[in-house]
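The residues making up each chain are set out below.
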Amino acid sequence: MTNQSQVKAQAANEVHTRPPGVDDSTVEALGELSKALETIHRVRGHLYSAHQLVGGADLTLDRVVKLFREAGHDEMADQVERELLGRNVLPGRWTFQIMEEFDDGYYAAFQEVERDAREKLAGGRRHIYEAEMKERRRTHGMPGHEATPEA
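First things first, this report covers the structure right here in the doc.

Parameters at a glance
Residues numbered from 1 in each chain as written. Predicted model: local features only at pLDDT ≥ 70, side-chain atom pairs only at ≥ 80, totals over all residues. Heavy atoms only, no water. Helix = DSSP H or I, 4+ residues; strand = E, 2+ residues; numbered from the N terminus. Expected span 1.5 Å × (residues − 1). Buried < 20%, exposed > 50% of the residue type's maximum accessible area, 1.4 Å probe, protein only. Contact = heavy atoms within 4.5 Å. Core = buried A, V, L, I, M, F, W, Y, C linked by side-chain atoms within 4.5 Å. Polar contact = N/O pair within 3.5 Å; in protein donor to acceptor, adjacent residues only side chain to side chain. Phe/Tyr/Trp six-rings, centres within 6.5 Å; stacked < 30°, edge-to-face > 60°.

Examining helix α2 (residues 24-70)
Then comes step 1: Relative to the 69 Å expected for 47 residues at 1.5 Å per residue, α2 spans 69 Å between its end C-alpha atoms, a close match to the ideal helical length.
Then comes step 2: For α2, the full list of buried residues reads V27, L30, G31, S34, L37, I40, D58, L61 and V65.
Then comes step 3: Considering only its buried residues, α2 is in contact with α3 (74-83), α4 (95-122) and α5 (128-137).
Then comes step 4: Backbone geometry just downstream of α2 places G72 in the positive-phi region, at approximately 85°.

This is how it looks when you write it as structure tokens:
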């Protein structure tokens, strides 16, 4: 590795290095907080999936109503239109409103608390716990076990 490559690898590695004075419990707590935030990111994705699935089902009801009418089942078509088409999934809310409330409330607060903890306790550095685990678990000198992409 050239000297310039070594400098790049060291700089890339330092963004995940534990700052001086940060103890094991703090690193572990920050790691767990990061893990919890990652779970909330997944929850957000599932909520968006539900949002899109509900929207798609609602749009499919247009075809259901049309087919019932073509088959002479006007009463059933009327019931689908009246009771299901455009119905709120929660009182007063379609799924886009649920997403907006989630994004602006719980999701935003969770991200802010995690970012605040990193800033105050670890100089803003992310994934220190994971970086230290990687360093412990990798086999130094083996292909596929490099510390950074530049290494």
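From this point on, the discussion continues.
Brief notes about the nonpolar core
Then comes step 1: Core analysis: the largest hydrophobic core is formed by six residues, namely V22, V27, L30, A117, A122 and I128.
Then comes step 2: At the level of elements, α2 and α4 are the ones that each hand at least two residues to this core.
Then comes step 3: Sequence-distant contacts of A122, defined by excluding residues within four places in its chain, comprise P19, L30, A117 and I128.
Then comes step 4: Counting five residues, the second largest nonpolar core, distinct from the first, contains L37, I40, F102 and F110.

Comments concerning the environment of R125
Then comes step 1: Relative to the helices and strands, R125 is located in the loop between α4 and α5.
Then comes step 2: Given the relative accessible area of 30%, R125 is considered partly exposed.
Then comes step 3: Separated by 10 residues in sequence, R125 and R115 have C-alpha atoms that sit 9.3 Å apart.
Then comes step 4: Excluding its chain neighbours within four sequence positions, the residues that come into contact with R125 are E14, V15, T17, R18, P19 and R118.
Then comes step 5: A distance of 2.5 Å separates a polar atom in the side chain of R125 from the backbone oxygen of T17.

Topic: the side chain of R138
Then comes step 1: Checked against the element boundaries, R138 lands in the segment after α5.
Then comes step 2: Here R138 falls in the buried class, since its relative accessible area comes to 16%.
Then comes step 3: A polar side-chain atom of R138 sits 3.0 Å from a polar atom in the side chain of E135.
Then comes step 4: When neighbours within four sequence positions are excluded, R138 is seen to be in contact with H145, E146 and A147.

Regarding the packing of aromatic side chains
Each pair of aromatic rings is reported with the distance of its centres and the angle of its planes.
Then comes step 1: Counted by the stated rule, this structure contains four aromatic pairs.
Then comes step 2: Taking the centre distance of 6.5 Å and the plane angle of 80° together, the rings of W94 and F96 count as edge-to-face.
Then comes step 3: Between the aromatic rings of Y106 and F110, the centroid separation amounts to 5.7 Å while the plane-to-plane angle is 65°, which identifies the pairing as edge-to-face. Here Y106 and its partner F110 are both found in helix α4, four residues apart, which amounts to about one turn of the helix.
Then comes step 4: Its relative accessible area of 48% is what places Y106 among the partly exposed residues.
Then comes step 5: A connected cluster of aromatic rings, assembled from ring pairs, spans F102, Y106, Y107 and F110.

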